[in-house]
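Chain by chain, the residues:
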Amino acid sequence: MPVLLQAQDAGKVTGTVTNDKGSPVSAATVAVKGTTQAVVTDDQGRFSISATKGQVLVITHVSFAEKEVTVEDMRQLSVLLVSKADALEDVVVVGYGSQRKKDLTGAVAVVNPKELKKVSASDVGQLLQGRTSGITVTNDGQPGAMPVIQIRGTTTFGNQTPLYVVDGVMLLNPPRDFSPNDIESMQVLKDGTAAAIYGANGANGVIIITTRQGKKNMPMKVEYSGYYGVDNVAQKIPVANRVGYQMLNNESQINGGQTVAPANDPQNPKYINDVDVDWQKEGLKTGHRTNHNLNLSGGGANATYNASLDYFRQQGTIVGNGPDYTRYTARFNLTEEKGIFRFGQSLSYTHSKENSLTYRTDVLTGGRPPLINDLVINIPTMKVYDPTMPQGYGGTQSDLQRAISLNVVAVNNLFTNFTEVDRAFGIIWGEAQLLKLRGHSLKYRLNLSYDKTIARDFLYQPVFDLGFFFKQGISRLDDNSRTYTNALVENFLTYDMNAGKHTLNVVTGTSYTKNTTLNRYSHAENVDPDFTVLDNGDNKTTAGNQFDYSFYGVFGRLNYSYADKYLLTANFRRDGSSRFSKVNKYGYFPGVSAGWRVSKEAFIKLPSFISDLKIRGGWGQLGNANIGNYLYQAYLNPNIVYNFNGTRVIGGLQTQVVDPNIQWETKTTTNIGFDAVLLDGKFDVTAEYYNNKSTNLLVDIPIPTSVGSTNTSVLTNAASLRNYGVEITAAYHHRKGAFTYDISANFTTLSNRVLELGGNRSQRIVGGFLTRVGETMGQHYGWVTDGIFQNQDEINKHAFQNAGTAPGDFRFKDISGPQGVPDNVIDAYDRTTLGNSLPKYNFGINFTAGYKGFDFTLFASGAGGNVINSSLYRALMHTTDYINYHEDALNRWTPQNPGNEYSRLAANDPNQNGRDSDRKGWLQKGDYLRINTLALGYTLPKKLFGAAVQSLRVYVTAQNVYTFQGYKSFNPDFARTRVWEPGFDAGSYPTPRTIMFGVQAAF
């Protein structure tokens, strides 16, 4: 970007700022260094500022690297600035410091914050989906729902949440309360080399977030961004109408030897033919979302500031009180300098309220599925609204429909269920330049932070009558609270040396964290709905508990570079945790990596199209102490009754067995790859191979009942896992001419192997899933179908299945028996693995383009190589009970339709056709490609507004545009929260399609 300057009379300097295409650059800030004077270029790139000979002008722009230009009397200057997109000098934030991008030797992914702000999300973590290699993000579409983030696969059987670091400070609770608008940069540390400096907290990966800061010598800049959007569930599950439901259910009851429900019997006077409810139509609505953000930033010669206010609200797409999510956020960042000292503060406060779509399992009994499932499976002969019922909502009757069918619209209107959160987070830091002399620098830094979250969980269930099975004659109120506090103190020294070809950076320090969790529970009954407070009820109960734990760590890192081509990084951290006994309290976590910039070698002649090439590799260890508290400690039950000679005595006894020697889980990572820049910065590519081994994983090991313990298993370090694969990231940049564009893509493969399960166990079966040593964890497990019996002769010739097996039932293969060979009986010995639960690959594609004032974005992501067990689909394909059917059931086997895909319908399922198997629809392909974002924006010409307005952009965005999938439920990327059953979709709230209109303005 050439900058043309000319010194004029009376100290006035004028100039024109242009880019490397010769086009003017507007909204660039030109400031006189050391003063508060600053101006902004107009739409022709022109500026005028008062300056004298010898003073330095600092020119900054969001898209270009900063440059300093010295004013010289009556001379025209031409200065070339490098676009940030092409610069290898970009600084990347890493643990306790930063590095130039070209000097990185570990696996660090940089996420473009500009692209993140083109989408609407309630959680910072949701923004990572498909944005970079090695990261898997699955989530529920419910407003306010937290995503499940995995970095390079499953690393533990416990909590898999990665560590978040915000403005250099570790958070022990995810930043779901933070506004994505406050993000300045985001990096992800994926291997032990990069994350070892975080030791005990880094096993699940590290996400580093830097919030927006002000800039020196910049007048106040006021920015506003806002949007309004509408949400709709584009995908509907095809279910039967009244006629189809009654026909299928009657057929099922008759085939099973049962009587037909009166409401479904055309010959019965109670037959229902005037109610035909489409529950998805009645229960789903148009949701709304809106966001407003106001940001003020600026700075002088010795101070900078950034302040922001943010409001976000998302109303869900189910009729009733929830789900919806509202968040208010305020943030203030300040830095000051005085001599050798620098100080800073980062203060934020968030208030949020989430009306979640959940309900009381002690009231809605019977193992109810998630409400979204209940909505879809509801029978069409139940009314939504019924003025004859006490609350005005419809329900079923045991002597009419016989269906246990929950009116979701009623529950979501009658129940009050919300979580209200207040979170205050503050950071104060100070830094002193202890030495700065002839290429040597030594700094001391102190970080202090305090994070306090107070959450109120409120749930009120009134008296209600929703028909058969769903009646409550008393009201219930639970008003609970959770308080989390986390205090952190860190001290560290940073030494930098630059001596000719030698560059050295050393960081060493200590970190102390103390965390407290306080839970209070309160319950009351018979509470008046007009005044829902605990004192307005009876049968009141209270309870509470408190958990404390602390960490203390000593850490260090060394970065060395010789001649800018030989790179070495070494990390080390020693952590102590109160979650372990004194014997195992401390863990040691080293990491080392090296890089070789081949393109810098004079004796290697690379092709001319290779601008830069670096080969790197590393090894490191990370710890995981993200487990429960006091797990190593045995407890006494103080209420054990003893009888001594007829005298009743109360005493104590240890009733549960624990392992007092539990210790750190450890992940060892190996990583090798290369980074290349081609065609003078137009094309860049990164590829790497990773191999991670997690050992000493905590798992439950069964113990004999003869031990006399109330627990049937004990938690101990006994398991190990391996995850390995390849990651590729590539991008092409076209920056010349009026039409510019960028294309980027990432692709990740993941292979998983179970190495140990402990307790001499070779496998573990949970539901329809098998985890076996030597194979992928959580594989689908069940029977193999071999068509459908068409007649009794086929049944007679096949292995025995069930006494009630009849034509139209599935035929299952006789694979094995007690002796390991087929035994002419279909039983549990005939189960086998049926497919992977974990996706074998993930990918993301991003295309951005600009033409004059227009900009366009297309972003897509996907995954594949796995199959899914859908609870919703299987429920709709039932062969018993009184719930609705998927339209696929219309193609069931009948004597008149002797197909080979879907079995007959028979009440009580005498052949167990619904068992875990590979029958059609039971395991569905999880492959998908989602068009996540389509956005079109236009930046209005600055001349329309004058100097007061720096920029004004309007845009329209479509989110979750379309998903190419074969999956017959809502979300193939449902939140995977079941570690032993990763392929089981219990019921996922549908991710809505969103159309948003927004504006971004700067003044």
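Going by the annotation in an unreviewed UniProt entry, the name recorded for the protein chain is SusC/RagA family TonB-linked outer membrane protein, with Filimonas zeae given as the source organism. Among the UniProt annotations of the protein chain, the heading Subcellular location (unreviewed entry) holds the following wording: "Cell outer membrane". In its Sequence similarities (unreviewed entry) section, the UniProt entry covering the protein chain states "Belongs to the TonB-dependent receptor family."

Engineer: I'd love a proper account of the overall build of the protein chain, names of residues and values included.
Structural biologist: Across its full length, the protein chain carries 8 helices and 53 strands. Relative to the 2.2 N^0.38 estimate, which gives 30 Å for 1003 residues, the radius of gyration of the protein chain is 32 Å and therefore close to what a compact globule would have. For the C-alpha atoms alone, the extent of the protein chain along its principal axes is close to 105 × 75 × 70 Å. For the protein chain, buried positions account for 54% of its 1003 residues. Considering only residue pairs separated by 6 or more positions, the protein chain has 69% of its internal contacts joining residues 24 or more positions apart. Put simply, the protein chain has 96 plus and 88 minus side-chain charges, and the middle of one group is 7 Å from the middle of the other.

Engineer: Quick rundown of the packing of aromatic side chains? Include the residues and the values.
Structural biologist: In this description, an aromatic ring pair is defined by two values, namely the gap between the centres and the angle between the planes. Applying the stated criterion across every chain yields a total of 32 aromatic pairs. Look at Phe739 and Tyr741: their rings are 5.6 Å apart centre to centre, the planes differ by 40°, and that puts the pair in the tilted class. Pairwise contacts between aromatic rings join Tyr549, Phe551, Phe580, Phe589 and Trp664 into one cluster. When the ring centre of Phe859 is taken as origin, the NZ or CZ atom of Arg131, which lies over that ring, is 3.7 Å away. The ring of Phe812 has Arg915 lying over it, and the distance from NZ or CZ to the ring centre is 4.2 Å.

Engineer: Any details on the pattern of salt bridges? Residues and values, ideally.
Structural biologist: Under the defined criterion, the tally for this structure stands at 45 salt bridges. Here Asp575 ties to Arg573 by a salt bridge, and the two come within 3.0 Å at their closest N and O atoms. Here Asp575 and Arg573 have matching classes, each one buried. In this structure, the salt-bridge partner of Asp786 is Arg811, at a minimum N-O distance of 3.7 Å. Residue Asp786 is located in strand β43 (residues 785-788), and its partner Arg811 is located in strand β44 (residues 810-812); the two are separated by 25 residues in the primary sequence. Here Asp786 falls in the partly exposed class, since its relative accessible area comes to 37%. One continuous salt-bridge network, built from bridges that share partners, spans Arg152, Lys190, Lys614, Arg616, Asp675, Glu688 and Glu727.

Engineer: Give a detailed account of the UniProt feature "domain: TonB-dependent receptor plug" (unreviewed entry) in the protein chain, specifying residues and quantitative values.
Structural biologist: The feature "domain: TonB-dependent receptor plug" (unreviewed entry), as annotated in UniProt, sits at residues 101-206 in this numbering. Measuring from the first to the last C-alpha atom of residues 101-206 gives 17 Å, for a span that is 8% helix and 25% strand.

Engineer: Please provide a residue-by-residue account of the sheet that holds strand β45 (residues 832-835), values included.
Structural biologist: The antiparallel open sheet is built from 4 strands, whose spatial order is β40-β41-β42-β45. Of all strands in the sheet, those bounded by a partner on one side alone are β40 (763-766) and β45. Neighbour-to-neighbour, the strand axes of this sheet turn through a mean angle of 40°, independent of strand direction. One ladder, built from 2 bridges, connects strand β41 (residues 769-772) with strand β42 (residues 779-782); its direction is antiparallel. Looking at β42, one finds that Phe769 is bridged to His780.

Engineer: Can you tell me about a nonpolar patch on the surface, naming the residues and giving the values?
Structural biologist: There is a patch of nonpolar side chains on the surface, built from Ile428, Leu448, Val489, Tyr512, Tyr552 and Val554 and spanning about 460 Å² of accessible area. When you line up the elements, Tyr552 lands in strand β29 (residues 538-562).

Engineer: For unusual backbone geometry, give the residues involved together with the corresponding values.
Structural biologist: The step from Gly322 to Pro323 runs through a cis peptide bond, and the omega angle for that step is 5°. In this fold, Pro323 is placed in the loop between β20 (303-315) and β21 (324-338). Positive phi, close to 45°, is recorded for Asp909, a residue that is not glycine. Here Asp909 lies in the loop between α8 (871-876) and β49 (924-925). Judged by its relative accessible area of 14%, Asp909 falls in the buried class. Here Gln912, not a glycine, exhibits a phi torsion of approximately 55°, which is positive. By the secondary structure assignment, Gln912 is in the loop between α8 and β49. Given the relative accessible area of 38%, Gln912 is considered partly exposed.

Engineer: Tell me what's going on with the side chain of Thr155, and back it up with residues and numbers.
Structural biologist: Mapped onto the elements, Thr155 comes out in the loop between β13 (148-151) and β14 (163-166). On the basis of relative accessible area, Thr155 is assigned to the buried category, the value being 6%. Beyond its immediate chain neighbours, meaning those up to four positions away, Thr155 contacts Gln160, Ala203, Asn204, Lys667, Ser694, Leu697 and Leu721.

Engineer: How would you explain the nonpolar core if you had to name every residue and give the values?
Structural biologist: Judged by nonpolar contacts, the single largest core of 51 residues is most densely connected at Leu364, Phe464 and Leu466. Counting residues per element, the ones that place at least two in this core are α3 (242-255), α5 (371-377), α6 (408-414) and α8.

Engineer: Got a sec to walk through the sheet that holds strand β17 (residues 206-211)? Specific residues and values, please.
Structural biologist: Hydrogen bonds along the backbone pair up the strands of a sheet, which may run parallel or antiparallel. The 5 strands lie next to each other as β11-β16-β17-β14-β15, forming an open sheet whose pairing is mixed. The open sheet has two edge strands with one neighbour each: β11 (108-111) and β15 (169-171). On average, each strand axis in the sheet is tilted by 25° relative to the strand beside it, whichever way the strands run. With 3 bridges connecting them, β14 and β15 associate as antiparallel partners. Its bridge partner being in β15, Tyr164 is matched across the sheet by Leu171.

How each quantity is defined
Residues numbered from 1 in each chain as written. Predicted model: local features only at pLDDT ≥ 70, side-chain atom pairs only at ≥ 80, totals over all residues. Heavy atoms only, no water. UniProt positions renumbered as here; feature names shortened; annotations may be inferred. Helix = DSSP H or I, 4+ residues; strand = E, 2+ residues; numbered from the N terminus. Rg over C-alpha atoms; globule rule 2.2 N^0.38 Å. Buried < 20%, exposed > 50% of the residue type's maximum accessible area, 1.4 Å probe, protein only. Contact = heavy atoms within 4.5 Å. Lys, Arg positive; Asp, Glu negative; His and termini not counted. Charge placed at Lys NZ, Arg CZ, Asp CG, Glu CD. Phe/Tyr/Trp six-rings, centres within 6.5 Å; stacked < 30°, edge-to-face > 60°. Lys NZ or Arg CZ within 6 Å of the ring centre and 35° of its normal. Salt bridge = Lys/Arg side-chain N within 4 Å of Asp/Glu carboxyl O. Pairing = 2+ DSSP bridges. Axes fitted to C-alpha atoms, helices over the stretch in contact; angles between N-to-C directions. Patch = residues over 30% accessible without salt bridge, like charges linked within 9 Å, V, L, I, M, F, W, Y side chains within 5 Å. Areas by Shrake-Rupley, 256 points an atom, 1.4 Å probe, with all protein chains shown as cover. Core = buried A, V, L, I, M, F, W, Y, C linked by side-chain atoms within 4.5 Å.

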